[in-house]
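Observations on chain architecture
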Amino acid sequence: MLAGELRLGGARVVVVEKLAEPTGQSRGLGFTARAMEVFDQRGLLPRFGTLEKSPMGHFGGVQFDYTVLEDAHFGARGVPQSRTEAVLEEWAGELGADIRRGWELAKLADDGDGVEIVAATPEGEQRVRGAYLVGCDGGQSVVRRAAGVGFPGLPATRRMYLADVTGCDIRPRFLGERLENGMVMAAPLAPGVDRIIVCEDGTPAGDRPQAVEFDEVAAAWERITGESLAGGGADWVSSFTDATRQAVAYRRGRVLLAGDAAHVHLPAGGQGLSTGVQDAVNLGWKLAAVVRGDMPDALLETYHDERHPVGARLLMNTRAQGMIFLGGAEADPVRKVFGELMGLPEVRRRLAGVVSHLDITYDLGPGTHPLLGRRLPPRPLHQVDGTRTTTTDLLHPARGVLLDLADDPDLREAAAGWRDRVSVVTATPESPEAFFGATALLVRPDGHVAWATGRKDPHPMDDPSDAAPAPATTTPDAPQANEDEVAAGIDSLVTALHHWFGIPEVA
């Protein structure tokens, strides 16, 4: 994902990949609602084929309807991680990324002006130098260790198994089943093939994944469920833990970290892959702008500032789910109280936002509009030339977008100096409630709103009541901005354009 984002931003990129070929294995089987939106922002969804969105999901094993929150769902289900990887590799290659498989990082050196790596390759030792290096190399990241970035957190308390088993007649347990000696999940992948997850209480753990055989998985399954998998087999088996760790810094000099290299946690709801995708989309346009010379190196500090809190919240919610779902009898009172809280609509909305990642809000400076810092919701638009488009279509080129919803020539003129980096679009939404009263929005390439002006209708993530947001209106009684307010709005827009997109072109 990051390679594609960098290429869209005009940066040259080399991907050093240890594996000579994809493994074909798939730990993950889907991604969150926000990751689905991010793929749509780059026009990638059609490459996945037909996607099934699941309205029903869970938090800690407690099932509920995620559509209680607008745009939310439990994510795209049944998409093997191998398919996601293949789609992204093909896309990055088409954009011109130089992908070098069979190259294993051995050393790196950051001299302040650039980073040089030494890689072991089939042709022997090779050196590559670049302006920056981003470690996307997983929980056991060589890049993170070589850069000296701390990775504190909590060690694993349990070891769990994952396997794609064949020839076993297994009853589906899509959201998991808690039994006396542990928890199991099961879902059919194809005729005669089932994905199972086995979490047995009291299983010794270690921070590193360990090799495991099918017989070991089958024995644990039988101890928990009483069901035998004798006569079956497995396409592949693996183990994982609930270790929870986060890098103290997502940047150290010219070395940055993304994905599992920056955060590891108990898998829950496809959030790991999806968070890594969003790390990449947050970082990619910024790093490309710095490499192009449009922005100062200091812009990269906002990557840590914005994504580190998101990672910390990810660790918090997955730990909470582990305590509820995997805890023994001592967790029964917590499960009971939590079950009662889930009867409240505001609790369901809040948790739907947390797991779908639709609640992510960055601190992007002064302003009080409810969309500031949030993602631009996917909505249809009618442009002034009569054509129909969508907010996600506008983000396909990975450029900034100034969305003029009130046909304001002064705003368009103010943004003219950034036309090489920011697309100015005049359009009207199909619904007056689409953007919570905004009359103009400045959207970053990652889809987050960096500036907004207009009326401030309530946002559902901020509204603790069950009432729907008041509809936006264009009646004569609606408040009108005076000349001073208009001038202040334009000034703040120009400030935001400078901050996120650099110095304007001279006419």
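Residues numbered from 1 in each chain as written. Predicted model: local features only at pLDDT ≥ 70, side-chain atom pairs only at ≥ 80, totals over all residues. Heavy atoms only, no water.

For the rest of this paragraph, the subject is the pattern of salt bridges. Inspection of every chain in the model, using the stated rule, returns 35 salt bridges. The residue E104 makes a salt bridge to K18 at a minimum N-O spacing of 3.7 Å. With E104 in strand β8 (residues 104–110) and K18 in the loop between β1 (14–17) and β2 (30–31), the pair connects residues that are 86 residues apart, well separated along the chain. Assessed through its relative accessible area of 38%, E104 is described here as partly exposed. Looking at K18, the relative accessible area reads 55%, which means it is exposed. Between E116 and R127 there is a salt bridge; the shortest N-O distance is 3.0 Å. Of this pair, E116 sits in strand β9 (residues 115–121) while R127 sits in strand β10 (residues 124–130), and the two are eleven residues apart along the sequence. When salt bridges that share partners are traced, they join R34, E37, E70, D71, R375 and R379 into one network. (Salt bridge = Lys/Arg side-chain N within 4 Å of Asp/Glu carboxyl O. Helix = DSSP H or I, 4+ residues; strand = E, 2+ residues; numbered from the N terminus. Buried < 20%, exposed > 50% of the residue type's maximum accessible area, 1.4 Å probe, protein only.)

What follows deals with the sheet that holds strand β6 (residues 76–77). The antiparallel open sheet is built from three strands, whose spatial order is β2-β6-β3. Of all strands in the sheet, those with a lone pairing partner are β2 and β3 (52–53), marking the two edges. (Pairing = 2+ DSSP bridges.)

The mixed open sheet is built from six strands, whose spatial order is β23-β22-β25-β24-β26-β27. Each of the sheet's edge strands pairs with one partner strand only, and the pair in question is β23 (388–390) and β27 (449–454). Between one strand axis and the next, the sheet turns through 35° on average, direction left out of account. With five bridges joining them, strand β26 (residues 438–443) and β27 adopt antiparallel strand pairing. Its bridge partner lying in β27, A438 is registered against G454. (Axes fitted to C-alpha atoms, helices over the stretch in contact; angles between N-to-C directions.)

Everything listed here is a matter of coordinates, which is why it stays silent on function.
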